[in-house]
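Chain by chain, the residues run as shown.
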Amino acid sequence: MAFWNKEKLKSQPVVEPQPTPAETAPPVPAPVPPIPESPVPQEQPPAKPKKKQKPAPNRKRPFDAHVWFSEAEQRKLERRVEASGLSKGVFIRKAALENPIVIDPDKEKLLSAVTKMTAELKYIHAELGKQGGLLKMAIKPNEGQRQAHPEEWNLLVQTNHDLVRTQRIVLKTMEAVNGYFKAHQF
């Protein structure tokens with residue numbers, strides 16, 4: 001027993017579904033918000049005061065300062081910073097807190113001359129150390145000559161003391177030159 005019959009299905013007309021009115025209606029554009037005729041300022045709640053942030057404990061400079069420049073001033077600042085070889089922050093800090101910054105146009109020549117001088121001073125320092133060591137080696141085994149030739153012996157000892165003193169002076173000079181250039185960030 002079947003619930004449907006092929007003959008009945010053939011004889012029945014095919015009914016197509018009719019579109020609903022919503023499907024046949026043209027699409028409605030999105031609503032346009034109304035344009036206010038005159039701007040009415042709306043009251044806003046008062047802004048919350050900003051909390052001062054505590055600087056990080058590992059910062060050396062926890063305070064900042066803001067400076068505004070015109071275009072011409074900014075170009076001039078950039079040129080001077082570039083000529084000095086310093087970073088902008090270091091340049092401004094030095095200009096504000098220390099003596100005026102002098103920009104040397106012959107900075108490269110000065111730097112190469114100081115580099116050569118430092119290399120020469122290192123060589124002299126090393127050479128003085130070698131000569132002093134050789135003198136000590138000559139003095140130590142020949143202590144018996146102290147009584148035989150006292151004047152020559154005193155000359156050897158005095159020369160050794162002079163070498164050591166000169167070596168110390170050269171070392172202090174190198175340290176002073178290096179300290180000056182580090183302080184001025186050449």
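Residues numbered from 1 in each chain as written. Predicted model: local features only at pLDDT ≥ 70, side-chain atom pairs only at ≥ 80, totals over all residues. Heavy atoms only, no water.

*Asks:* Just to check I follow, could you spell out the overall build of the chain for this structure?
*Replies:* From N to C terminus, the chain includes seven helices and zero strands. Overall, the chain shows an N-to-C arrangement of helices and strands of α-α-α-α-α-α-α. Contacts spanning at least 24 positions in sequence make up 51% of the contacts within the chain whose residues lie at least 6 apart. As displayed, the chain has an accessible area near 17500 Å², and 60% of this comes from carbon and sulfur atoms. (Helix = DSSP H or I, 4+ residues; strand = E, 2+ residues; numbered from the N terminus. Contact = heavy atoms within 4.5 Å. Areas by Shrake-Rupley, 256 points an atom, 1.4 Å probe, with all protein chains shown as cover.)

*Asks:* Before we go on, may I ask you to explain the confidence of the model for the chain in this structure?
*Replies:* Low pLDDT means the predicted coordinates in that region are not meant to be read closely. Looking at the chain, pLDDT values average 76 and 64% of them are 70 or higher. Least confident of the elements in the chain is helix α1 (residues 6-11), whose mean pLDDT is 58; most confident is helix α3 (residues 71-84), at 88. (pLDDT = per-residue confidence, 0-100.)

*Asks:* Whenever I open this one, the pattern of salt bridges confuses me. Can you help?
*Replies:* Pairing between side chains becomes possible if they bear opposite charge and their charged atoms approach one another. Taken as a whole and judged by the stated rule, the model has four salt bridges. Residue Lys 88 pairs with Glu 78 through a salt bridge whose shortest N-O separation is 2.7 Å. Of this pair, Lys 88 sits in helix α4 (residues 88-97) while Glu 78 sits in helix α3, placing them 10 residues apart in sequence. Close ionic contact of Arg 165 with Asp 162 constitutes a salt bridge, the shortest N to O distance being 3.0 Å. On the criterion of helical spacing, the pair formed by Arg 165 and Asp 162 is a turn pair, its members being three residues apart in helix α7 (residues 150-183). (Salt bridge = Lys/Arg side-chain N within 4 Å of Asp/Glu carboxyl O.)

*Asks:* I tried to follow the nonpolar core on my own but got confused; where do I start?
*Replies:* Most often, soluble globular proteins have nonpolar side chains that are buried together. Among the nonpolar cores identified, the biggest contains six residues, and these are Leu 121, Leu 128, Leu 135, Leu 163, Val 170 and Met 174. Elements supplying a minimum of two residues to this core: α5 (107-139) and α7. In this view, Val 170 contacts Leu 121, Ile 124, His 125 and Leu 128; residues no more than four positions away in its chain are not counted. Listed in part, the five residues of the second largest apolar core include Leu 77, Val 81, Val 90 and Phe 91. (Core = buried A, V, L, I, M, F, W, Y, C linked by side-chain atoms within 4.5 Å. Buried < 20%, exposed > 50% of the residue type's maximum accessible area, 1.4 Å probe, protein only.)

*Asks:* It is not clear to me how the side chain of Thr 118 should be interpreted in this structure. Could you clarify?
*Replies:* Inspection of the secondary structure assignment puts Thr 118 in helix α5. Ignoring anything within four residues of it in the chain, the contact list for Thr 118 reads Met 174, Val 177 and Asn 178.

*Asks:* Sorry, what's going on with α7 here?
*Replies:* Working note: α-helix, 3.6 residues per turn, so residues spaced by three or four point in the same direction. Taking 1.5 Å of rise per residue, 34 residues should cover 50 Å, and α7 covers 49 Å from first to last C-alpha, within 8% of that figure. Buried within α7 are the following residues: Trp 153, Asn 160, Leu 163, Val 170, Met 174, Val 177 and Phe 181. (Expected span 1.5 Å × (residues − 1).)

*Asks:* Before we go on, may I ask you to explain a nonpolar patch on the surface in this structure?
*Replies:* A cluster of nonpolar residues, Val 67, Phe 69 and Ile 92, forms a patch on the protein surface that exposes about 250 Å² of accessible area. Counting through the fold element by element, Ile 92 comes out in helix α4. (Patch = residues over 30% accessible without salt bridge, like charges linked within 9 Å, V, L, I, M, F, W, Y side chains within 5 Å.)

*Asks:* Explain the environment of Gln 131 here, please?
*Replies:* By the element assignment, Gln 131 lies in helix α5. Judged by its relative accessible area of 36%, Gln 131 falls in the partly exposed class. The spacing of Gln 131 and Asn 160 is 29 residues in sequence and 8.3 Å in space, taken between C-alpha atoms.

*Asks:* Please explain α4 as it appears in this structure.
*Replies:* Every buried residue of α4 is listed here: Val 90, Phe 91 and Lys 94. Projected down its long axis, α4 shows its buried positions confined to an angular sector of 100°, all on one face. When the buried face of α4 is taken as reference, the exposed residues oriented beyond 90 degrees from it are Ala 96 and Leu 97. Of the surrounding elements, those touching the buried residues of α4 are α3 and α7. (Arc of directions from axis to C-beta.)

*Asks:* What should I look at first to understand the packing of α5 against α7 in this one?
*Replies:* Between two packed helices, both the angle of their axes relative to each other and the distance between the axes serve to describe the pair. Where α5 meets α7, the axes come as close as 9 Å, and the angle between the chain directions of the two elements is 155°. Taken together, the axes of α5 and α7 are roughly antiparallel relative to one another. Once α5 is placed against α7, the crossing between them reads as left-handed. Across the contact of α5 with α7, the residue classes break down as 18 nonpolar, 11 polar and two charged. (Axes fitted to C-alpha atoms, helices over the stretch in contact; angles between N-to-C directions. Parallel < 35°, antiparallel > 145°, perpendicular 65-115°, else oblique. Left-handed = near helix turned anticlockwise from the far one by under 90°. Nonpolar A, V, L, I, M, F, W, Y, C, P; charged D, E, K, R; others polar.)

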